[in-house]
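Letter by letter, the chains look like this.
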Amino acid sequence: MADQPTAIERFIQGILPENPVYRQLLGLCPTLAVTNGLKAAITMSAAVAFVLFCANVVTSLMRNLLKPHLRIVIFTLTIATFVTIADRVLAAYLYQMSKVLGPYIPLIIVNCIIICRCEVCASKQGVFVAGADALGQSIGFCLALCSIAAVREILGTGMLFDIRLLPAAWSDWVIMVLPPGAFLTFGLLLGLVNWYSDRQSQKANRG
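Rules behind the numbers
- Counting restarts for each chain: residues are numbered from 1 in the order of the written sequence.
- Local features in this predicted model are restricted to residues whose pLDDT is 70 or higher, and side-chain atom pairs enter the listing and the counts only when it is 80 or higher, whereas totals over whole chains, interfaces and linings include all residues.
- To obtain the side-chain values, all non-hydrogen atoms of the structure were included, while hydrogens and water were left out.
- UniProt positions are given in the numbering used here, feature names are shortened, and annotations may be inferred rather than shown by experiment.
- The secondary structure listing takes helices from DSSP runs of H or I that are at least 4 residues long and strands from runs of E that are at least 2 residues long, numbered from the N terminus.
- The span expected for a helix works out to 1.5 Å for each residue beyond the first.
- Partly exposed residues are those whose accessible area sits between 20% and 50% of the maximum for their type, while under 20% is buried and over 50% is exposed, using a 1.4 Å probe and protein chains only.
- Here, two residues are considered to be in contact whenever any of their heavy atoms come within 4.5 Å of each other.
- Each aromatic pair joins two rings of Phe, Tyr and Trp (for Trp, the six-membered one) with centres within 6.5 Å, and gets the label stacked for planes under 30 degrees apart, edge-to-face for over 60, and tilted for any other angle.
- Per-residue confidence from the predictor is reported as pLDDT, which spans 0 to 100.
- In this analysis an axis means a line fitted to C-alpha atoms, helices contributing only their contacting stretch, and an angle means the value between N-to-C directions, from 0 to 180 degrees.
- For classification purposes, an angle smaller than 35 degrees is called roughly parallel, one larger than 145 roughly antiparallel, one from 65 to 115 roughly perpendicular, and anything else oblique.
- Each helix crossing is assigned a hand: it is left-handed if the near helix lies turned anticlockwise from the far helix by less than a right angle, otherwise right-handed if that turn is clockwise.
- Three classes are used, and their members are as follows: Ala, Val, Leu, Ile, Met, Phe, Trp, Tyr, Cys and Pro are nonpolar, Asp, Glu, Lys and Arg are charged, and the others, Gly among them, are polar.

- As annotated in an unreviewed UniProt entry, the protein chain carries the name RnfA-Nqr electron transport subunit and comes from Desulfococcus multivorans DSM 2059.
- As stated in UniProt under Subcellular location (unreviewed entry), the record for the protein chain gives "Endomembrane system".

## Quick look at helix α8 (residues 179–206)
An α-helical segment advances 3.6 residues per turn. Residues three or four places apart therefore align on the same side.
Here is step 1 of the chain: Along its 28 residues, α8 runs 41 Å from first to last C-alpha, staying within 8% of the 40 Å computed at 1.5 Å per residue.
Here is step 2 of the chain: Looking only at α8, the buried set comprises Gly181, Ala182, Thr185, Phe186, Leu189 and Leu190.
Here is step 3 of the chain: Packed against the buried residues of α8 are α2 (28–33) and α7 (127–157).

## Looking at the packing of aromatic side chains
Here is step 1 of the chain: Evaluated as defined, the whole model comprises 3 aromatic pairs.
Here is step 2 of the chain: For the pair Tyr22 and Phe186, a centre-to-centre distance of 6.3 Å together with 10 degrees between the ring planes defines the contact as stacked. Pair noted here: Tyr22 is in the loop between α1 (7–15) and α2 and Phe186 is in helix α8, with a separation of 164 residues, a long-range link. Of the two residues, Tyr22 and Phe186, neither departs from the other in class, the shared state being buried.
Here is step 3 of the chain: When the centroid spacing of 6.1 Å and the interplanar angle of 85 degrees are considered together, the rings of Phe50 and Phe82 count as edge-to-face. Taken as a pair, Phe50 in helix α3 (residues 38–61) and Phe82 in helix α4 (residues 71–93) lie far apart in primary sequence, 32 residues in all.

## Here we look at α7
Here is step 1 of the chain: The end-to-end C-alpha distance of α7, which contains 31 residues, comes to 43 Å, matching closely the 45 Å that a straight helix rising 1.5 Å per residue would cover.
Here is step 2 of the chain: Positive backbone phi, at 80 degrees, marks Gly158, one or two positions downstream of α7.

## Examining the confidence of the model for the protein chain
Parts of the prediction with low pLDDT should not have their coordinates interpreted in detail.
Here is step 1 of the chain: Across the protein chain, pLDDT averages 93, with 99% of residues at or above 70.
Here is step 2 of the chain: No element of the protein chain has a lower mean pLDDT than strand β2 (residues 163–164), at 89, and none a higher one than α3, at 97.

## What to know about the UniProt feature "transmembrane region" (unreviewed entry) in the protein chain
Here is step 1 of the chain: In this numbering, the UniProt entry assigns the feature "transmembrane region" (unreviewed entry) to residues 40–58, 70–95, 101–120, 141–161 and 173–196.
Here is step 2 of the chain: From the first C-alpha to the last, residues 101–120 spans 28 Å; its make-up is 50% helix and 0% strand.
Here is step 3 of the chain: Taken end to end, residues 141–161 is 81% helix and 10% strand, and its first and last C-alpha atoms sit 20 Å apart.

## Notes on the packing of α1 against α7
Here is step 1 of the chain: It is the contact of α1 with α7, at a shortest axis distance of 7 Å, that shows an interaxial angle of 15 degrees. When the axis of α1 is compared with that of α7, the two are roughly parallel. In terms of crossing hand, the pair formed by α1 and α7 is right-handed. Of the residues in α7, those touching α1 at Ala7, Arg10, Phe11, Gly14 and Ile15 are Phe128, Val129, Ala132, Asp133, Leu135, Gly136, Gln137, Ile139, Gly140 and Leu143.
Here is step 2 of the chain: Residues of the contact of α1 with α7, tallied by class, amount to 9 nonpolar, 4 polar and 2 charged.

Written as structure tokens, this is what we have:
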């Protein structure tokens, strides 16, 4: 369709302009639950990226066969298939990380980001565009999770990837690696993103 975004536009929009976490406020359950450490955030991002890319591609391939009253069921079954693959691969090769992430990998099945992209993009556009959309949204999701996780881990433990960044005398803010720290960090970073976006809009209007 001529009025649909191109592959490049879909890719770029997913990273920042339509960031799934900071702009669309989707996928907040894993965003708040698994960002007390950067390793867990990266692993969750990789799992979501795999499922999102595969689900988008498969949905796009069968878009002309989808029936309106069955499309959500088909999306869910498609997503569940790839979530099961991701869950089993993690359990086989990254067992400790699989235990850390716990139920949040299976919960990718109901992740609003993936269902949203299947509905908004993959069910309406070709495979190449759907793949580009998935990559852009995945990068945006990863950036959001990693930014929150990095702040929480550094302030909460003084370290990042087990490397000490803050002086040994630093009094760790234990609250930052606990659930309240997730809400606090997300709120502050979301406010920062909104402030920056408003400032850029004001500059564009004055220009």
